[in-house]
Structure formats: structure tokens, C-alpha cells
Amino acid sequence: MRVLFVVISFVIVQMSAFAQNTITMNDQRIIELKKAFINNDTRVFSFINSIIESSEQYFGDKPYNIVKDKGPVAPSKDPRDYISLSRYWWPDPQKVDGLPYIRHDGKSNPELERYDYRKITELETAVSTLGMLYYITEGDKYAKRASEILREWFLDPVTGMNPNMTYAQYVPGMSYIRGTGILDGRAIVYALNGAKLIEGSKYWTINDKKALQEWVKIFLYWMQNSTQGLMEQNAQNNHGLWYDFIRMGMSLYIDDPSYVKLIVETSLYKRLDAQQEINGSFPQELARTLGLSYTTFALDAFYECSEIALKAGIDMWNHTSASGRSIARGVEFAFPYYLEPQKWPYQQISPFETGRGSMALYIAGLKLKKKEYQDAA
């Protein structure tokens, strides 16, 4: 029994050390999840087993890169350049060729599935899932497959994505530069969670990590120095929030928590003050045709940033600006409409799926110790 106790204690200590290295996840919750799985907690065990079953789709010959089976190619003619379609832009019915596309806010063009956006979301889901399964089950096959996908997407000289998003959220027929496509880089940050979770594996070497860090450094430099990056840095809506999220996540991955702190203190807090009304609403998001969805999207950005900030020693949930703005106030504004979305007084041209607000509510409930938020989530 003493030996068994020592072994279990050692495993828990090792788990604690191993889990303290994700980008956007709450590491303590990951530790608790693994402990519950090891202890055969009925709910957790059945849940993880269902994820294990569904993860079989990530094995086999399916490519995870933007070169293979390429849809539309970027104007650069380089298949390694990421390209996606701006979601709300459609062919102009008044033009024979439909160009340039015109905007219908809130109405998604199904053509976007032909572009690289579908592939990058698949990358995010695959690597995050495999990384988590490796950490929880310690099954080598998950780390092996995750490492293969990461190398194929980022590091391979033939299939690896160029470290920029110059053609992200491209609008066919439009000749001027837009910065909004950098938003797609969220998927890369989430994929980095998976890269961190397999660092204890023999399949993801120090050299692999260094190579991916170099890729991230180049992408980060492009974000902060390109014309498009500077445009997005000045965005006055959720795009500015997600721009900071991407910068923060990538800075943490290259082991620069001091820069994460700088972004929070010199940029993100200023955005909160500028974008939020005293009642907690975000006017730029209310102006959209999907006002509640975009309000939630802004809150998503804040709570995701808060998880990264915590790893740099900053608790954003306890921050209230001199003018009274805070993340907590934003959740307070949205809360009644998550319970009764039909009472939303602004535009929402598609039905709001109440589950969309669950993560913001759950995390706010934990951070602010509000049981009503957790119950609603």
C-alpha cells in the first residue's frame, strides 16, 4: 500500500508539472480531468472514451495541410499561402462575373468551405484533441499522430504553410488591402495547445519545438509589422480583441510572458475601455446583424485572453478601469439574454444558439464565484 501511495503521489506531481504548459487552457482543470479519468470517474471515463472513439478520424492517410487538394489558390500563385473567403461576401448578381463580391452581413457564403479555412479548423480540432488524449491517457499513438500533423502543416518544406495570412478572408475582385483575415489565426493558437501537451513525448523533440517556435516568431513579426497587421491592430471591434489574443498566445508559446503582460496592460485594457459602454455592452457588436452572437464573440475573446494573461501573472477578471469597464460587466449585460434570447432588443437575424454563451458564463461563474452563471451554463 505504501508503494502504491508513493507511485500515485508521484504520478499526480508529474501531472501537475506536465500540465502547466498549455496556452489557453486552465491547467488545473486539465489535472483534475486526468485524475478523474485515472480514478474511473463514471462521467469522465465515458466522456473520454467517446473522444477516443471519435479521434480515429484523425488517423490514416488524410492530409493536414493547405497544399493538398487545394481549392482556390491565392493571387500569389503559391499554394503554401493560406487563403480563405471573407464569410459574408457574395457574388454581385448585377455583374456577369459576380466581381467584386458584395457584403451581406450575417449571411455566410457556403463557398468558404472550398478555401483553407475549413482545413485550418480541422487542424485546430485534430491537434488539440490528440494532444489532450495523449496527456490524459499517455497513449503514444496520439502524440505520434499530433506531431506528424504539426510537421505537415507548419514545418514541411513542400506542404508547410507560409507564416503569414496575407490572403486570409480574401474578397474576390477587391483590389484594396484588408486586415480582417488575421482573425483566422485563432486556430493556430488553439493548435499550439496540442503542441504543448505532447512536449513530454519522444515523438515531439526539442528541435521540433524550436522549429515551430521559429515559425511562430516569423508569423508574429508579420502580424505586427505588415500593413494588414497594423490595420487590424487599430480595429475598434472584436477583431482588435482577437488580434491581441493571437499575439498573446503566440508570445506565450515562444516563452515571452513579459510581452503577454505588456499587451494586456498597454493594449487589451485600452480596448476594453474604448469598446465597452458603462452598461457592459459593446456598441460595435450591437450594430451587427447578429448582435448577440457578436457580443458573445467579444466576450469569448476576453475570457480566452484572461486564461493566457493568468499565465503571465495577471488576473483580468479583477480588473475594472477607471471609468468602470470590466469583463464582468460585459457578462452581466449578456446574461439575461442567454436565458431568454427572444428578448434581445437588437438585431439577430439568425436564431441564437444558447449554448454559444455557455463557456463565457461558466468561466465567469468560476472567476466571479457566481453560481447562477454556472447553473445557466
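Keep in mind that this is a model prediction, so the values were computed, not measured.

1. Here's the deal with the overall build of the chain
Inference 1: A count of helices and strands for the chain gives 15 helices and four strands.
Inference 2: Here the chain has a C-alpha radius of gyration of 21 Å; the compact-globule value for 377 residues is 21 Å, and the two agree.
Inference 3: On the principal axes, the C-alpha backbone points of the chain span a range of 75 × 50 × 40 Å.
Inference 4: A burial count over the chain gives 53% of its 377 residues as buried.
Inference 5: A fraction of 70% describes how many contacts in the chain between residues 6 or more apart in sequence connect residues 24 or more apart.
Inference 6: For the chain, the computed accessible surface area is about 17,500 Å², with 54% contributed by carbon and sulfur atoms.
Inference 7: If you average the places of the 42 positive and of the 43 negative side-chain charges in the chain, the two averages end up 2 Å apart.

2. Some points on the pattern of salt bridges
Inference 1: Taken as a whole and judged by the stated rule, the model has 21 salt bridges.
Inference 2: As a salt-bridge pair, lysine 62 and glutamate 122 come within 3.4 Å of each other at their nearest N and O atoms. Here lysine 62 is found in the loop between helix H3 (42-54) and strand S1 (83-85), whereas its partner glutamate 122 is found in helix H4 (residues 116-137), with 60 residues between them in sequence.
Inference 3: For glutamate 199, the salt bridge identified is with lysine 196, shortest N-O distance 3.3 Å.

3. Focus on the nonpolar core
Inference 1: Phe219 and Met316 are the most contacted members of the largest nonpolar core, which totals 111 residues.
Inference 2: Contacts of phenylalanine 219, omitting those with residues within four sequence positions, involve Met161, Pro163, Asn164, Met165, Ile188, Ile246 and Met250.

4. Digging into helix H2 (residues 27-38)
Inference 1: Under the 1.5 Å per step criterion, the end-to-end length of H2 is 17 Å for twelve residues, consistent within 8% with the ideal 16 Å.
Inference 2: Put simply, asparagine 26 is the residue that caps the front of H2, since its side-chain oxygen is 3.1 Å from the backbone nitrogen of glutamine 28.
Inference 3: Asparagine 40, located one to two residues past H2, shows a positive phi value of around 60 degrees.

5. Focus: the side chain of glutamate 111
Inference 1: If you trace the backbone, glutamate 111 turns up in the loop between strand S3 (102-103) and H4.
Inference 2: Excluding anything up to four places from it in sequence, glutamate 111 contacts Leu85, Pro91 and Tyr101.

6. Focus: the packing of aromatic side chains
The description of an aromatic ring pair uses the distance of the two centres, along with the angle that the planes make with each other.
Inference 1: Counted according to the given criterion, the structure contains 16 aromatic pairs.
Inference 2: An angle of 75 degrees between the planes, with centres 4.8 Å apart, marks the rings of phenylalanine 154 and tryptophan 215 as edge-to-face. Separated by 61 residues along the polypeptide, phenylalanine 154 in helix H5 (residues 140-155) and tryptophan 215 in helix H7 (residues 206-225) bring together distant segments of the chain. Taken individually, phenylalanine 154 and tryptophan 215 each receive the classification buried, so the pair is uniform in this respect.

7. Points about the environment of valine 264
Inference 1: Structurally, the position occupied by valine 264 is in helix H10 (residues 257-275).
Inference 2: Linking valine 264 and methionine 316, residues 52 residues apart in sequence, is a C-alpha distance of 8.5 Å.
Inference 3: Ignoring sequence-local partners within four residues, the contact set of valine 264 consists of Met248, Tyr269, Ala309, Ile314 and Met316.

8. Re the layout of surface pockets
To find leftover empty space, one rolls a probe the size of a water molecule over the atoms.
Inference 1: Approximately 1,400 Å³ is the volume found for the largest pocket.
Inference 2: Lining the largest pocket are 37 residues, and of these Met25, Met132, Tyr303, Glu304 and Met359 lie nearest its centre.
Inference 3: The set of elements that each furnish at least two residues to the lining of the largest pocket consists of H2, H3, H4, helix H6 (186-197), helix H12 (291-310) and helix H14 (358-368).
Inference 4: A per-element tally of the lining of the largest pocket places H4 first, with ten residues.
Inference 5: Grouping the constituent residues of the lining of the largest pocket by class yields 20 nonpolar, eight polar and nine charged.
Inference 6: Space inside the second largest pocket adds up to approximately 750 Å³.
Inference 7: Lining of the second largest pocket is provided by 30 residues; of these, Arg87, Tyr88, Leu183, Tyr294 and Phe297 occupy positions nearest its centre.

9. A few points about unusual backbone geometry
Inference 1: Proline 100 follows leucine 99 through a cis peptide bond whose omega is -10 degrees.
Inference 2: Within the secondary structure layout, proline 100 lies in the loop between strand S2 (89-90) and S3.
Inference 3: Positive phi is not limited to glycine here, since asparagine 40 has a value of about 60 degrees.
Inference 4: Among the secondary structure elements, asparagine 40 is positioned in the loop between H2 and H3.
Inference 5: You will see that aspartate 69, though not glycine, has its phi angle at about 50 degrees, which is positive.

10. Observations concerning the packing of H6 against H7
Inference 1: Two elements in contact, H6 and H7, have axes whose closest approach is 12 Å; the angle formed by their N-to-C orientations is 165 degrees. If you check the angle between H6 and H7, you find them roughly antiparallel. At the point where H6 passes H7, the crossing takes the left-handed sense. Residues Ile188, Leu192, Ala195 and Lys196 of H6 form the contact with H7, whose participating residues are Lys209, Leu212, Trp215, Val216 and Phe219.

11. What to know about the confidence of the model for the chain
The predicted coordinates should not be examined in detail at positions where pLDDT is low.
Inference 1: Taken over all residues, the pLDDT of the chain has a mean of 93, while the share at 70 or more is 95%.
Inference 2: Low confidence marks residues 1-20, where pLDDT is under 50. Its contacts with residues over four positions away, or in another chain, come to 19 contacts.

12. Some details on the packing of H12 against helix H13 (residues 327-339)
Inference 1: The geometry of H12 relative to H13 is characterised by a closest axis approach of 10 Å and an angle of 145 degrees between their N-to-C directions. Helix-helix and strand crossings are classified by hand; for H12 and H13 the assignment is left-handed. Touching Leu292, Thr295, Thr296, Leu299 and Phe302 of H12 are Ile327, Gly330, Val331, Ala334, Tyr337 and Tyr338, all from H13.

Scoring rules and cut-offs
- Residues numbered from 1 in each chain as written.
- Predicted model: local features only at pLDDT ≥ 70, side-chain atom pairs only at ≥ 80, totals over all residues.
- Heavy atoms only, no water.
- Helix = DSSP H or I, 4+ residues; strand = E, 2+ residues; numbered from the N terminus.
- Rg over C-alpha atoms; globule rule 2.2 N^0.38 Å.
- Buried < 20%, exposed > 50% of the residue type's maximum accessible area, 1.4 Å probe, protein only.
- Contact = heavy atoms within 4.5 Å.
- Areas by Shrake-Rupley, 256 points an atom, 1.4 Å probe, with all protein chains shown as cover.
- Lys, Arg positive; Asp, Glu negative; His and termini not counted.
- Charge placed at Lys NZ, Arg CZ, Asp CG, Glu CD.
- Salt bridge = Lys/Arg side-chain N within 4 Å of Asp/Glu carboxyl O.
- Core = buried A, V, L, I, M, F, W, Y, C linked by side-chain atoms within 4.5 Å.
- Expected span 1.5 Å × (residues − 1).
- Polar contact = N/O pair within 3.5 Å; in protein donor to acceptor, adjacent residues only side chain to side chain.
- Phe/Tyr/Trp six-rings, centres within 6.5 Å; stacked < 30°, edge-to-face > 60°.
- 1 Å grid on protein atoms, 1.4 Å probe; cavity = no way out; pocket = protein on both sides within 12 Å on 5 of 7 lines; lining within 4 Å.
- Points joined across faces, edges and corners; volume = space filled by probe spheres on them.
- Nonpolar A, V, L, I, M, F, W, Y, C, P; charged D, E, K, R; others polar.
- Axes fitted to C-alpha atoms, helices over the stretch in contact; angles between N-to-C directions.
- Parallel < 35°, antiparallel > 145°, perpendicular 65-115°, else oblique.
- Left-handed = near helix turned anticlockwise from the far one by under 90°.
- pLDDT = per-residue confidence, 0-100.

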